[in-house]
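Descriptive structure summary
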Amino acid sequence: MGRERAAQLEYSEFQSAMLDEAKRRRKAAKIIAVLGHFLGRPGAEPLDGLTVADVGCSAGFIADELAEAGARRTFGIDIDVPGLRKASERFGKRVSFVCADGGALPFPDGSVDVLVFNHIYEHVVDPDAVIRDMHRVLADDGVLYLGLGNRLGIMEPHYKLPFLSYLPPGPADRYVRAFGRADHYYERFRTRGGLRRMLRDFHIWDYTFPVLASPERFAGGELFPGTVGRVAKATLEKTPRPVLAGLLPIVPTYLWVATKTARRPLGPALPQPPEPVRPR
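Residues numbered from 1 in each chain as written. Predicted model: local features only at pLDDT ≥ 70, side-chain atom pairs only at ≥ 80, totals over all residues. Heavy atoms only, no water.

With an unreviewed UniProt entry as reference, the protein is termed Methyltransferase type 11 domain-containing protein, source organism Acrocarpospora macrocephala.

What follows is the structure, given as structure tokens:
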């Protein structure tokens, strides 16, 4: 059996990717582009006038970009004290950084217009509690952006070991130790079905294939650079959606936009449009 999970304090101190500023800002550009499309707000400041919170902000690069996108107030929430210290030193003049648990967010009910929860749930001791509290603080007409790793993605994203996330805790611990990647495997991913159950109180639109098929609109060259990107883009644009749907169980990452009330994306037509994620 794996050891009992505890909160990952000081995560940025041992996960160098959290301090990769260029990569984090590229991720922020994708997040903002997806939000802008869903809200029907093209342009340089799609978050103009909105209250925005990045839950799991670490060193604050994404939160800083959210502020740059026009947010009226921007918050960064995390339990990573070293990361928050770095974030506050650099971006504290326009982002309010708060040390708080995601299961007890420091906001009144219905007070946040946009929440970002990007590749965080697998690190959280109780992700269901975090989702419940985000539902509480999100405005009735608010939007939640979710970047969600899939347990059935073949290559585990943190340690780059195939099928690692498929394993139960004990064998997973031995696997990462055998390759010298870590002392134990902390992260806990869920399948697409498990993620939908976790978000059962939300209405969800899936932006995974829209982003993959239109990287120039959403993510630049981040997802598939060079020749691979051009081939992937052309293929994804033309592949019938039922064929793509067959790949969903093993897609490594889902990009979802969730709302408390039923809404539709307001952005222009795309080669692969966003589709609703059916309740489980």
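That covers the picture; the talk isn't over yet.
**Thoughts on the overall build of the protein**
Counting its secondary structure elements, the protein contains 11 helices and eight strands. Buried residues in the protein amount to 52% of all 280 residues. Considering only residue pairs separated by 6 or more positions, the protein has 71% of its internal contacts joining residues 24 or more positions apart. When the accessible surface of the protein is totalled, it reaches about 13,100 Å², and 55% of it is carbon and sulfur. (Helix = DSSP H or I, 4+ residues; strand = E, 2+ residues; numbered from the N terminus. Buried < 20%, exposed > 50% of the residue type's maximum accessible area, 1.4 Å probe, protein only. Contact = heavy atoms within 4.5 Å. Areas by Shrake-Rupley, 256 points an atom, 1.4 Å probe, with all protein chains shown as cover.)

**What to know about the packing of helix α2 (residues 21-39) against helix α3 (residues 61-68)**
Between α2 and α3, the least distance of the axes is 8 Å, while the angle of their chain directions is 45°. One finds that α2 runs oblique with respect to α3. Here the hand of the crossing between α2 and α3 comes out right-handed. On α3, the residues touching E21, R24, R25, K27, A28, I31 and I32 of α2 are F61, I62, D64, E65 and L66. Looking at the contact of α2 with α3 residue by residue, the classes come out as six nonpolar, no polar and six charged. (Axes fitted to C-alpha atoms, helices over the stretch in contact; angles between N-to-C directions. Parallel < 35°, antiparallel > 145°, perpendicular 65-115°, else oblique. Left-handed = near helix turned anticlockwise from the far one by under 90°. Nonpolar A, V, L, I, M, F, W, Y, C, P; charged D, E, K, R; others polar.)

**Quick word on helix α5 (residues 127-137)**
Residues of α5 that are buried include every one of P127, A129, V130, I131, D133, M134 and V137, and no others. Buried-residue contacts for α5 involve β1 (51-55), β4 (112-118), β5 (138-149) and α7 (192-198).

**Examining the packing of aromatic side chains**
A full pass over the atoms with the stated rule returns eight aromatic pairs. Look at F75 and F107: their rings are 5.0 Å apart centre to centre, the planes differ by 70°, and that puts the pair in the edge-to-face class. In this pair, F75 is assigned in strand β2 (residues 73-78) and F107 in the loop between β3 (96-99) and β4, connecting sequence segments 32 residues apart. Accessibility assignment for this pair places F75 and F107 in one class, buried. Judged by centre distance (5.8 Å) and plane angle (70°), the rings of Y159 and Y185 are edge-to-face. Pair noted here: Y159 is in the loop between β5 and α6 (169-178) and Y185 is in the loop between α6 and α7, with a separation of 26 residues, a long-range link. Take Y185: its relative accessible area is 2%, and that puts it in the buried class. (Phe/Tyr/Trp six-rings, centres within 6.5 Å; stacked < 30°, edge-to-face > 60°.)

**Here's the deal with α2**
Structural remark: α-helix, 3.6 residues per turn; residues separated by three or four positions point the same way. With 19 residues, α2 extends 27 Å between its outermost C-alpha atoms, agreeing within 8% with the 27 Å of an ideal straight helix rising 1.5 Å per residue. Downstream of α2 by a residue or two, G40 has a phi angle that is positive, lying close to 65°. (Expected span 1.5 Å × (residues − 1).)

**Examining the pattern of salt bridges**
Charged atoms that come close allow side chains of opposite charge to pair. Here the structure, examined in full by the defined rule, presents 12 salt bridges. A salt bridge links R94 to D64, with the shortest nitrogen-to-oxygen separation between them at 2.8 Å. You can see R94 sitting in the loop between α4 (81-91) and β3 and its partner D64 sitting in helix α3, a full 30 residues away along the chain. Residue R94 is classed as partly exposed on the basis of its relative accessible area, which comes to 43%. Take D64: its relative accessible area is 5%, and that puts it in the buried class. Residue D206 is joined to R192 by a salt bridge in which the shortest nitrogen-to-oxygen separation is 3.2 Å. Highlighted residues: D206 in strand β6 (residues 203-206) and R192 in helix α7, separated in sequence by 14 residues. Taking the relative accessible area as the measure of exposure, R192 reaches 18% and is therefore buried. Residues joined by salt bridges that share partners form a network here, namely E21, R25, D64, E65, E68, R90 and R94. (Salt bridge = Lys/Arg side-chain N within 4 Å of Asp/Glu carboxyl O.)

**Brief notes about the nonpolar core**
In summary, soluble globular proteins display a tendency toward joint burial of nonpolar side chains. Core analysis: the largest hydrophobic core is formed by 45 residues, its most contacted members being L115, F117, M134, L144, L146, L199 and W256. Those residues in contact with M134, other than ones at most four positions away along the chain, are V55, L105, L115, F117 and L144. Counting residues in hydrophobic clusters, the runner-up holds 25 residues, among them A28, V52, V143 and V211. (Core = buried A, V, L, I, M, F, W, Y, C linked by side-chain atoms within 4.5 Å.)

**With respect to the pairing of β6**
As defined by bridge partners, β6 adjoins strand β7 (residues 253-259) across four bridges and the pair is classed as antiparallel. Residue W205 lies in a different strand from β7, and its bridge partner there is V257. Of the strand pairs in this sheet, β6 and strand β8 (residues 275-276) are connected by two bridges, and their pairing is antiparallel. Across the sheet, residue W205 finds its bridge partner in β8, namely P276. (Pairing = 2+ DSSP bridges.)

**Observations regarding unusual backbone geometry**
One non-glycine residue with positive phi stands out, namely S58, at about 50°. Counting through the fold element by element, S58 comes out in the loop between β1 and α3. Given a relative accessible area of 2%, S58 falls into the buried group. Its identity is not glycine, yet H119 carries a phi of approximately 55°, on the positive side.

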